[in-house]
Amino acid sequence: MNGLMQSQPLLISSLIEFAERHHGDAEIVSRRVEGDIYRYTYRDSASRARQVAAALDAMDLVFSDRVATLAWNGYRHFELYYGVSGSGRVLHTINPRLHPDQIAWMANHAEDQVLCFDLTFLPLVQAIRAKCNTIRHYIALCDEDKLPKDSGIPGLIAYESWMGAHSGNYAWPSFDENSASSMCYTSGTTGNPKAAMYSHRSTTLHAYAAALPDVMGLSARDAILPVVPMFHVNAWGLPYSAALTGAKVVFPGPALDGKSVFELIEAEKVSFAAGVPTVWQMLLGHAQAHGLKFSTLRRTVIGGSACPPAMIHAFQEQYGVEVLHAWGMTEMSPLGTLCTLKNKHLTQSAEAQTAIRMKQGRAIFGVDMKIVDGNNEELPWDGEAYGDLLVRGPWVVKEYFKSEGGDPLVADSQGRGWFPTGDVATIDADGYLQITDRSKDVIKSGGEWISSIDIENIAIAHPDIAMAACVGVFHSKWDERPIVAVVRKPNTEVSREELLKFYEGKTAKWQIPDDVIFVEAIPIGPTGKVLKAKLRDQFKDYRLPIVGQKP
Ligand code: AMP
């Protein structure tokens, strides 16, 4: 017997419809590429998203055609999120920090028909245009009078004139909730990138889950600042969860330096922000250097790479901001786990609570996870055993776009497919996940594994160190030994010996890196993660100073 409830497809358009109807006057505030602050409401935004949908319908596009964006976090990008997907097309957000050849490759692979871009990226679009074989329409996200005269892009149109020519009286179409809604290429460092293809159903379920109290805890009382870019994994789903809750949204545009972000947080009374550790490093650096305090910021989600304990401490102890450590990946839309305490932890000491908060957190309902050994046997949840992390759930990929890379799933004894994350992790008895490393970044020393994340976290806890990245280098006896590349804070002088001494007592002796190398900068990739492959390449001819007898 079937249930007798209405069957309504979970469509992205319903989120903005809901926000318009129930939170019509809630604000969406954007720092624009033009430099000014632009403010309007969900009501305005919903109407303009419908205009975008009508404008797309008026083009020679069919259902599921791909519409690409090269854009910062802002209200026009937000309208495209809804207008493109809501009208049945697929939003392809492209990371502008990628190499132009890679961007052109992705546009061709996705068979993008339209490219909408912020004027910041005009030179980039000019550079790739000749290589993009499928794009037929180029739209600059600006007013008509800002449209560059000699762009060299035939038929370039201004977004405001393009969508402004259509009425907001558009009725959102209804279709299968499993239809593709948006896509994002992974930041894979080897081989061609592969695309995760999200659906209306997966995106809506993810938006529901993200808003839950033990996840991001979003509400109509929040003012949220997604610093995490809308060009990578849908800004962790925040543009959808915001509409679902009616939270005020504050978009930072291109100004991501500590000063600009701090000023926006204060001016717009931001209560919740989300971003990768490298961005928060700049924010904290600015606040610390100028003796500033946050007056409204209460919570910040930090993920994308391991959040150093020193950052969790600084936010909590110095600024009273709760850090929610999160883990996920492009293939998971991206949320997998988020770290919040359980009731029984509330009576524990501050130290014990912080130790929990440093982990990547508990699985969100909808995400099933397990760790396995080399024979695909599940390992215990004891916080000690570490193994390959596998996941499954309705917002986890089952295959990549165009079946790139073949079937990625690993079948269990019941024939269920699990996605191998490529991460190595432990899970404790309370279900808290801790990422040890990317499997390819783990350092294998004399048959034992050393977590590069642990080594980096200790270095960053030193008051003179701004950034650290640990890689393994060849060792004739132990196969590999860790070395740590560090960037000193300005006007500090910590020496190699002092830093090595700092490790003593904080980790097992044999895990202490064999060398410290002071560098000007650590290579950061297009999604804000340390480029370990590049660093390994940089140190490929490196020889350890002393052939040690460790461990
Ligand atoms: P991406 O698909 O570019 O979002 O990258 C996903 C990968 O980033 C994951 O598989 C992890 O290796 C890493 N990652 C994401 N969040 C965290 C975190 N909180 N701690 C450690 N690694 C993380």
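Structure: see above.
Keep in mind the model is a prediction, meaning the values are calculated, not measured. (Residues numbered from 1 in each chain as written. Predicted model: local features only at pLDDT ≥ 70, side-chain atom pairs only at ≥ 80, totals over all residues. Heavy atoms only, no water.)

Engineer: Looking at this structure, how should I read unusual backbone geometry?
Structural biologist: What is expected of a backbone is that most residues other than glycine have negative phi and most peptide bonds are trans. In this structure, Pro334 follows Ser333 across a cis peptide bond, with omega equal to 5 degrees. One non-glycine residue, Ser333, adopts positive backbone phi at about 75 degrees. Mapped onto the elements, Ser333 comes out in the loop between strand E14 (322–328) and strand E15 (335–338). You will see that Asn376, though not glycine, has its phi angle at about 70 degrees, which is positive. Its location among the elements puts Asn376 in the loop between strand E17 (368–372) and strand E18 (387–392). (Helix = DSSP H or I, 4+ residues; strand = E, 2+ residues; numbered from the N terminus.)

Engineer: Mind showing me how you'd approach the site of the ligand here?
Structural biologist: Ala326, Thr330, Gln360, Asp423 and Arg438 are the nearest of the 15 residues found near the ligand. Here His325 contributes a side-chain N or O atom positioned 3.1 Å from a nitrogen atom of the ligand. At 3.1 Å from an oxygen atom of the ligand is found a side-chain nitrogen or oxygen belonging to Lys529. Protein contacts shield 92% of the accessible area of the ligand, which totals 500 Å² for the unbound molecule. Of the residues forming the shell around the ligand, the biggest block, four residues, is contributed by E14. (Near = heavy atom within 4 Å. Polar contact = N/O pair within 3.5 Å; in protein donor to acceptor, adjacent residues only side chain to side chain. Areas by Shrake-Rupley, 256 points an atom, 1.4 Å probe, with all protein chains shown as cover.)

Engineer: What exactly am I supposed to notice about the environment of Val250 here?
Structural biologist: Here Val250 shows up in strand E11 (residues 248–251). For the pair formed by Val250 and Asp214, sequence separation is 36 residues and the distance between their alpha carbons is 22 Å. Apart from the residues within four sequence positions on either side, Val250 is in contact with Val29, Ile224, Leu225, Pro226, Leu264, Glu268 and Val270. (Contact = heavy atoms within 4.5 Å.)

Engineer: Help me understand the sheet that holds strand E5 (residues 112–117) in this model?
Structural biologist: By definition, the strands of a sheet pair up through backbone hydrogen bonds, in either a parallel or an antiparallel sense. If you trace the seven strands from one edge of the open sheet to the other, you get E7-E6-E5-E3-E4-E8-E9, paired in mixed fashion. Among the strands making up the open sheet, the edge pair consists of strand E7 (157–158) and strand E9 (195–199). Relative to strand E6 (residues 137–140), E5 runs parallel, the two sharing four bridges. Among the inter-strand pairings, Phe117 is bridged to a residue of E6, identified as Ala140. In the packing of helix H4 (residues 100–110) onto the sheet, contacts are made with strand E3 (66–70), strand E4 (90–93), E5 and strand E8 (180–185), and the angle to E8 comes to roughly 150 degrees. (Pairing = 2+ DSSP bridges. Axes fitted to C-alpha atoms, helices over the stretch in contact; angles between N-to-C directions.)

Engineer: I'm lost on helix H12 (residues 309–319) in this one. Help?
Structural biologist: Given 3.6 residues per helical turn, the α-helix brings residues three or four places apart onto the same face. Looking only at H12, the buried set comprises Pro309, Met311, Ile312, Ala314, Phe315 and Tyr319. Positive phi shows up at Gly320, right after H12, with a value of about 65 degrees. (Buried < 20%, exposed > 50% of the residue type's maximum accessible area, 1.4 Å probe, protein only.)

Engineer: I'm lost on the pairing of E18 in this one. Help?
Structural biologist: Consecutive residues of a regular strand have side chains that alternate between opposite faces of the sheet. Bridge analysis of E17 against E18 gives five bridges, and the strand direction is antiparallel. Opposite Lys370, over in E18, you have Leu390 as the bridge partner. Here E18 pairs with strand E20 (residues 417–427) via four bridges, running antiparallel. Each bridged residue has a counterpart across the sheet, and for Asp388 the counterpart in E20 is Val424.

Engineer: Please clarify how the environment of Glu266 should be interpreted in this entry.
Structural biologist: With respect to the helices and strands, Glu266 occurs in helix H10 (residues 258–267). A C-alpha to C-alpha distance of 8.2 Å links Glu266 and Leu297, two positions 31 residues apart in sequence. Not counting residues within four places of it along the chain, the set of residues in contact with Glu266 comprises Lys293, Phe294, Ser295 and Thr296.

Engineer: Got a minute to help me understand the state of the cysteines in this structure?
Structural biologist: In a disulfide, the sulfur atoms of two cysteines are covalently bonded to one another. Taken as a whole, this structure holds zero disulfides when the rule is applied. Looking at Cys116, it has no disulfide partner, and the nearest cysteine sulfur is the one in Cys142, 11 Å off. Looking at Cys132, it has no disulfide partner, and the nearest cysteine sulfur is the one in Cys116, 13 Å off. (Disulfide = S-S within 2.5 Å.)

Engineer: Please explain the packing of aromatic side chains as it appears in this structure.
Structural biologist: Given two aromatic rings, one states the distance between the centres and the angle between the planes to describe the pair. Applying the stated criterion to the full structure yields 21 aromatic pairs. Look at Trp280 and Phe315: their rings are 6.3 Å apart centre to centre, the planes differ by 85 degrees, and that puts the pair in the edge-to-face class. Of this pair, Trp280 sits in helix H11 (residues 277–289) while Phe315 is found in helix H12, placing the two residues 35 residues apart along the sequence. Residue Trp280 shares its accessibility class with Phe315, and that shared class is buried. Residues Tyr400 and Phe419 carry aromatic rings whose centres are separated by 6.4 Å and whose planes lie at 70 degrees to one another, so their mutual orientation is edge-to-face. One end of the pair, Tyr400, is in the loop between E18 and strand E19 (410–411); the other, Phe419, is in strand E20, with 19 residues separating them in the sequence. For the pair Tyr400 and Phe419, one class covers both residues: buried. Following the ring pairs from residue to residue traces out a cluster consisting of Tyr42, Phe78, Tyr81, Tyr82, Tyr240 and Phe251. Lying over the aromatic face of Tyr400, Lys194 brings its terminal NZ or CZ to 5.2 Å of the ring centre. Above the face of the Phe518 ring, Arg488 is positioned so that its terminal group lies 3.7 Å from the ring centre. (Phe/Tyr/Trp six-rings, centres within 6.5 Å; stacked < 30°, edge-to-face > 60°. Lys NZ or Arg CZ within 6 Å of the ring centre and 35° of its normal.)

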